[in-house]
Amino acid sequence: QVQLVESGGGLVQAGGSLRLSCAASGRTFSYGMGWFRQAPGKEREFVAAIGWGGGSTYYTDSVKGRFTISRDNAKNTVYLQMNSLKPEDTAVYYCAARTRRILSGWLPSGSYEYDFWGQGTQVTVSS
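Residues numbered from 1 in each chain as written. Predicted model: local features only at pLDDT ≥ 70, side-chain atom pairs only at ≥ 80, totals over all residues. Heavy atoms only, no water.

Participant: So what exactly am I meant to see when it comes to the sheet that holds strand β3 (residues 18-26) here?
Facilitator: Strand-to-strand pairing in sheets goes through backbone hydrogen bonds, with the strands running parallel or antiparallel. With antiparallel pairing, the 4 strands of this open sheet are ordered in space as β1-β3-β8-β7. Two strands in the sheet have a free side with no partner beyond their single neighbour: β1 (2-7) and β7 (67-72). The average angle at which neighbouring strand axes cross in this sheet is 15 degrees, direction not considered. (Pairing = 2+ DSSP bridges. Helix = DSSP H or I, 4+ residues; strand = E, 2+ residues; numbered from the N terminus. Axes fitted to C-alpha atoms, helices over the stretch in contact; angles between N-to-C directions.)

Participant: In this structure, what is going on with the pattern of salt bridges? I would like to understand it.
Facilitator: Working definition: two side chains of opposite charge can pair if their charged atoms are close together. Overall, the coordinates contain 5 salt bridges when judged by the stated rule. Where D89 meets R37, a salt bridge forms, and the shortest distance between an N and an O atom there is 2.9 Å. Of this pair, D89 sits in the loop between β8 (77-82) and β9 (91-98) while R37 is found in strand β4 (residues 32-38), placing the two residues 52 residues apart along the sequence. Judged by its relative accessible area of 1%, D89 is buried. Three or more residues joined by partner-sharing salt bridges are found here, namely R37, E45, R66 and D89. (Salt bridge = Lys/Arg side-chain N within 4 Å of Asp/Glu carboxyl O. Buried < 20%, exposed > 50% of the residue type's maximum accessible area, 1.4 Å probe, protein only.)

Participant: Help me understand the environment of L4, please; the structure alone is not making it clear to me.
Facilitator: As for its position among the elements, L4 is in strand β1. Spatially, the C-alpha atoms of L4 and R98 are 12 Å apart, while their sequence positions differ by 94 residues. In contact with L4, other than residues within four places in its own chain, are C22, A23, A24, M33, C95, A96, A97, F116, W117, G118 and Q119. (Contact = heavy atoms within 4.5 Å.)

Participant: What am I meant to see in the side chain of T77 here?
Facilitator: Mapped onto the secondary structure, T77 falls in strand β8. The residues touching T77, leaving out its near neighbours within four places in the chain, are S21, C22, A23, S70, R71 and D72.

By themselves these figures say nothing about function.
Okay, here's the thing in structure tokens:
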């Protein structure tokens, strides 16, 4: 089992920045870690993913150049640095862990491809 706890959400003005953290405990090894978000009335959507070593990353088009995912395996923590935030980034952000093996060079982007989830942290961007 993996327990994931997100933090760092809050209220920020458009153009501002936030850094989300996801702390893992329990079985902390994961082949991939991802961030997803869910806005009111919408389905959960993929935001970013990172491989075990941190060298592989993958982003959805709408956040490329603004968000950066990173991980510190010594601290069992994954981060999502969010810059140039827009009102449409408003959502609950979830951290997810993939503990099943993945092919080299591939990172999962479907919610069904992840095995454990955090409870989420609210991000609200005001215009």
